Amino acid sequence: MNATRVSYTLESTLASVNKAEQAATELAAKSGFDEDESGRIAMAVREASVNAVLHGNHYDPTKRVTIAFEVTADALTVSVRDEGQGLDPANVPDPLAPENLLKQSGRGIFLIRAFMDEIRFRALSPGTEITMVKFVRGADRDGSKEATQ
Amino acid sequence: MKSSSRKVDGVTIVDLSGRITLGEGSVVLRDTVKDLSSQGDKKILLNLGDVTYIDSSGIGELVSAYTSVRNAGGELKLLNLTKKVHDLLQITKLYTVFDISDDEASAIASFSR
């Protein structure tokens, strides 16, 4: 299966977040993920998009969010890029720590980590790119299919 | 998201339906709980049975509602979680924070008299 790539360059609005979530739901289903898994992937993409629109670009109408999907036989890879001030993932507090449990915010990246198999951050100038990978069950982790008998 | 409230045995039950997400249901939830608190309601039961989706902002709004009601001397409990919402509260360790029930009558009875 050849890779299928789709990307969107969107305004920093909540409508863009909803569009990203919808696209993720559709592509995850096409990639062979079941309804539960597709829902979790879509939520991860939604959370990353909210971070980009809200915390990265601060709804700035001059800044864009770029969301790229790559579908292969083995995995769905999603990158979300903003044009904000940058994010240091090491400084994101643990939402499960007792002192943070009742905080109103700070669970987005935690949920992305919980729902996706791999997550990487890349600093841009300016901005941040988060790349999330969900492997199709049965595929191995180096990008090649498991050997068949 | 839609929200409507009714009172049973001194407990205000808020029936919520739809999505609790950033910019959608989270504002409705916040305003609903704020209005009830300003009316002096201190026993609030959020019925999430028809909530189809909740994101981290929605979770944050539930936590905020819980703490604001508690800080005002009241109690806020949850009723009828869907599997998705149940799973989300479990992985965020909030399942043990909230008082959660699947039965309306016993949830109402659990509020302090």
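Residues numbered from 1 in each chain as written. Chains lettered and ligands numbered in written order. Predicted model: local features only at pLDDT ≥ 70, side-chain atom pairs only at ≥ 80, totals over all residues.

> What's the story with the overall build of chain A in this structure? I'm lost.
If you tally the helices and strands in chain A, you get three helices and five strands. On the principal axes, the C-alpha backbone points of chain A span a range of 50 × 40 × 25 Å. A sequence separation of at least 24 residues applies to 66% of the contacts in chain A between residues at least 6 apart. (Helix = DSSP H or I, 4+ residues; strand = E, 2+ residues; numbered from the N terminus. Contact = placed C-beta atoms within 7 Å.)

> Is there a simple way to explain unusual backbone geometry in this structure?
What is expected of a backbone is that most residues other than glycine have negative phi and most peptide bonds are trans. The residue after A:Ser125, namely A:Pro126, is reached through a cis peptide bond having omega 0°. Along the chain, the position of A:Pro126 falls in the loop between β4 (118–124) and β5 (127–135). With a phi close to 60°, A:Tyr59 is a non-glycine residue in the positive phi region. Tracing the sequence through the fold places A:Tyr59 in the loop between α2 (35–56) and β2 (64–71). For A:Tyr59, a count of 11 C-beta atoms within 10 Å corresponds to the exposed category. Non-glycine residue B:Lys93 carries a positive phi angle of around 65°. (Buried ≥ 20, exposed ≤ 12 C-beta atoms within 10 Å, placed from the backbone.)

> Would you mind going over the interface of chain A and chain B with me for this structure?
Reports often express the size of an interface as the amount of accessible area lost when the parts come together. In this complex, chain A contributes 16 residues to the contact, which on the side of chain B involves 15 residues. For the side of chain A that touches chain B, the secondary structure elements donating two or more residues are α2 and α3 (108–115) of chain A. The element best represented in the side of chain A that touches chain B is α2(A), accounting for five residues. Residues belonging to the side of chain A that touches chain B are distributed by class as follows: nine nonpolar, four polar and three charged. (Nonpolar A, V, L, I, M, F, W, Y, C, P; charged D, E, K, R; others polar.)

> What exactly am I supposed to notice about the confidence of the model for chain B here?
Close inspection of predicted coordinates is inappropriate in any region flagged by low pLDDT. For chain B, mean pLDDT is 94; residues scoring 70 or higher make up 99% of the total. Per the prediction output, this complex has pTM 0.91; the corresponding ipTM is 0.91. (pLDDT = per-residue confidence, 0-100.)

> Sorry, what's going on with the pairing of β5(A) here?
Note on strand geometry: in a regular strand, side chains alternate between the two faces of the sheet. Residue and element names in this part refer to chain A. Here seven bridges tie strand β3 (residues 75–81) to β5, and the two strands are oriented antiparallel to one another. Within β5, the residue paired with Ala-75 across the bridge is Phe-135. Two successive antiparallel strands, β4 and β5, enclose a turn made up of two residues. (Pairing = 2+ DSSP bridges.)

> Which parts of the structure should I look at to understand the sheet that holds β2(A)?
Sheets are built from strands that pair by backbone hydrogen bonding, the pairs being arranged parallel or antiparallel. All names here are of chain A. Judged by pairing direction, the sheet is antiparallel, and its five strands sit side by side in the order β1-β2-β3-β5-β4 without closing on themselves. Either end of the sheet is taken by a strand with one partner, and the two such strands are β1 (4–11) and β4. Across this sheet, the average inter-strand angle for adjacent strands is 15°, counted without regard to direction. The sheet contact formed by β2 and β3 spans six bridges and is antiparallel. Note that in β3 the partner of Phe-69 across the bridge is Val-78. Packing against the sheet, helix α1 (residues 14–30) makes contact with β1, β2 and β3, and its axis sits at approximately 5° to β2. (Axes fitted to C-alpha atoms, helices over the stretch in contact; angles between N-to-C directions.)

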